[in-house]
Amino acid sequence: MHLTLEFGGGLELLLEKSIKMHKVDVQPIDGQEKVMMKGLLSWVKSNLIKERPEMFLKGDSVRPGVLVLINDCDWELCGGLDAELEEKDVVVFISTLHGVL
(Lines give C-alpha, C1' and ligand atoms only; values in the text may rest on other atoms or scores of the structure.)
Protein backbone atom coordinates (compact mmCIF):
# COMPACT_ATOMS: atom_id res chain seq x y z
CA MET A 1 0.00 0.00 0.00
CA HIS A 2 1.43 3.35 -1.04
CA LEU A 3 1.28 6.00 1.68
CA THR A 4 2.73 9.46 2.19
CA LEU A 5 4.17 10.06 5.65
CA GLU A 6 5.05 13.55 6.86
CA PHE A 7 6.97 14.43 10.02
CA GLY A 8 7.12 17.88 11.63
CA GLY A 9 7.63 19.80 14.83
CA GLY A 10 11.10 18.31 15.25
CA LEU A 11 10.17 14.65 14.68
CA GLU A 12 11.95 14.77 11.33
CA LEU A 13 15.23 15.06 13.28
CA LEU A 14 14.77 11.43 14.39
CA LEU A 15 14.83 10.25 10.77
CA GLU A 16 17.74 9.62 8.47
CA LYS A 17 18.79 12.88 6.76
CA SER A 18 15.95 14.70 8.59
CA ILE A 19 13.66 14.37 5.56
CA LYS A 20 10.12 15.56 6.36
CA MET A 21 8.13 13.75 3.65
CA HIS A 22 8.38 10.07 2.77
CA LYS A 23 6.54 8.16 0.05
CA VAL A 24 6.48 4.58 1.31
CA ASP A 25 5.08 1.16 0.42
CA VAL A 26 3.81 -0.65 3.52
CA GLN A 27 2.33 -4.15 3.56
CA PRO A 28 -0.29 -5.45 6.03
CA ILE A 29 1.09 -7.52 8.90
CA ASP A 30 -0.10 -10.65 10.71
CA GLY A 31 -2.41 -11.79 7.92
CA GLN A 32 -4.50 -8.60 8.02
CA GLU A 33 -6.07 -7.45 4.78
CA LYS A 34 -5.42 -3.75 5.39
CA VAL A 35 -2.63 -1.71 6.91
CA MET A 36 -3.67 -0.55 10.38
CA MET A 37 -2.16 2.42 12.23
CA LYS A 38 -0.66 0.10 14.86
CA GLY A 39 1.17 -1.78 12.11
CA LEU A 40 2.27 1.45 10.45
CA LEU A 41 3.80 2.73 13.70
CA SER A 42 5.76 -0.51 14.03
CA TRP A 43 6.90 -0.17 10.40
CA VAL A 44 7.98 3.45 10.96
CA LYS A 45 10.00 2.44 14.02
CA SER A 46 11.76 -0.35 12.09
CA ASN A 47 12.31 1.45 8.79
CA LEU A 48 12.45 5.22 9.29
CA ILE A 49 13.39 6.12 12.86
CA LYS A 50 17.17 6.16 13.08
CA GLU A 51 17.68 7.50 16.60
CA ARG A 52 15.83 7.99 19.88
CA PRO A 53 12.63 6.05 19.05
CA GLU A 54 11.42 6.78 22.59
CA MET A 55 10.90 10.39 21.47
CA PHE A 56 8.33 9.17 18.92
CA LEU A 57 6.77 6.07 20.46
CA LYS A 58 5.64 5.02 23.91
CA GLY A 59 4.68 1.37 23.97
CA ASP A 60 2.63 0.57 20.85
CA SER A 61 1.43 4.14 20.31
CA VAL A 62 2.87 7.60 19.75
CA ARG A 63 4.10 9.58 22.74
CA PRO A 64 1.75 12.07 24.34
CA GLY A 65 2.25 15.38 22.55
CA VAL A 66 2.50 13.86 19.08
CA LEU A 67 -0.42 14.90 16.89
CA VAL A 68 -1.36 12.32 14.25
CA LEU A 69 -3.51 13.22 11.26
CA ILE A 70 -4.86 10.82 8.64
CA ASN A 71 -5.85 12.79 5.56
CA ASP A 72 -6.05 15.96 7.71
CA CYS A 73 -8.34 14.27 10.28
CA ASP A 74 -7.32 13.56 13.90
CA TRP A 75 -6.46 9.87 14.04
CA GLU A 76 -8.56 9.40 17.20
CA LEU A 77 -11.64 10.21 15.10
CA CYS A 78 -10.52 7.58 12.58
CA GLY A 79 -10.07 4.81 15.16
CA GLY A 80 -6.63 5.52 16.65
CA LEU A 81 -4.39 2.45 16.58
CA ASP A 82 -7.20 0.46 14.91
CA ALA A 83 -7.67 2.94 12.05
CA GLU A 84 -7.55 1.22 8.67
CA LEU A 85 -5.42 2.97 6.10
CA GLU A 86 -6.21 3.07 2.41
CA GLU A 87 -4.12 3.40 -0.73
CA LYS A 88 -2.53 6.87 -1.08
CA ASP A 89 -3.52 8.03 2.41
CA VAL A 90 -1.44 10.85 3.90
CA VAL A 91 -0.40 10.38 7.53
CA VAL A 92 1.14 13.35 9.33
CA PHE A 93 3.03 13.21 12.65
CA ILE A 94 3.66 16.53 14.40
CA SER A 95 5.31 17.02 17.77
CA THR A 96 3.50 19.65 19.80
CA LEU A 97 6.22 19.61 22.47
CA HIS A 98 9.03 22.10 22.21
CA GLY A 99 12.56 21.72 23.49
CA VAL A 100 12.46 17.93 23.96
CA LEU A 101 14.23 16.90 20.79
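Residues numbered from 1 in each chain as written. Predicted model: local features only at pLDDT ≥ 70, side-chain atom pairs only at ≥ 80, totals over all residues. Heavy atoms only, no water.

(A) Representation of the pairing of strand E5 (residues 66-70) in the model. With four of five residues buried, E5 lies mostly within the body of the structure. Here E5 pairs with strand E7 (residues 90-95) via five bridges, running antiparallel. Bridge pairing links Leu69 to Val92 in E7. When E5 meets strand E6 (residues 73-74), the two strands line up antiparallel, connected through two bridges. Bridge pairing in E6 places Ile70 opposite Cys73. (Buried < 20%, exposed > 50% of the residue type's maximum accessible area, 1.4 Å probe, protein only. Helix = DSSP H or I, 4+ residues; strand = E, 2+ residues; numbered from the N terminus. Pairing = 2+ DSSP bridges.)

(B) Seen up close, the packing of aromatic side chains. As enumerated under the stated definition, the model contains three aromatic pairs in all. Ring centres of Phe7 and Phe93 lie 5.2 Å apart, and the angle between their planes is 20°; this geometry places the pair in the stacked category. Within this pair, whereas Phe7 is found in strand E1 (residues 2-8), its partner Phe93 is found in strand E7, the two being separated by 86 residues in sequence. The residues Phe7 and Phe93 share a single accessibility class, namely buried. Taking the centre distance of 5.2 Å and the plane angle of 75° together, the rings of Phe56 and Phe93 count as edge-to-face. You can see Phe56 sitting in the loop between helix H1 (37-47) and strand E3 (57-58) and its partner Phe93 sitting in strand E7, a full 37 residues away along the chain. Taken individually, Phe56 and Phe93 each receive the classification buried, so the pair is uniform in this respect. Here a set of aromatic residues connected by ring pairs shows up, and it is made of Phe7, Phe56 and Phe93. (Phe/Tyr/Trp six-rings, centres within 6.5 Å; stacked < 30°, edge-to-face > 60°.)

(C) How the structure looks around the confidence of the model for the chain. Mean pLDDT over the chain: 92, with 96% of residues reaching 70 or higher. At the level of individual helices and strands, the chain shows its lowest average pLDDT in E3, which scores 94, and its highest in E6, which scores 98. (pLDDT = per-residue confidence, 0-100.)

(D) Inspection of H1 at higher detail. Those residues of H1 not exposed but buried are Met37, Gly39, Leu40, Leu41 and Val44. Where H1 is buried, its residues meet E1, E3, strand E4 (61-62), E5, helix H2 (75-78) and E7. (Contact = heavy atoms within 4.5 Å.)

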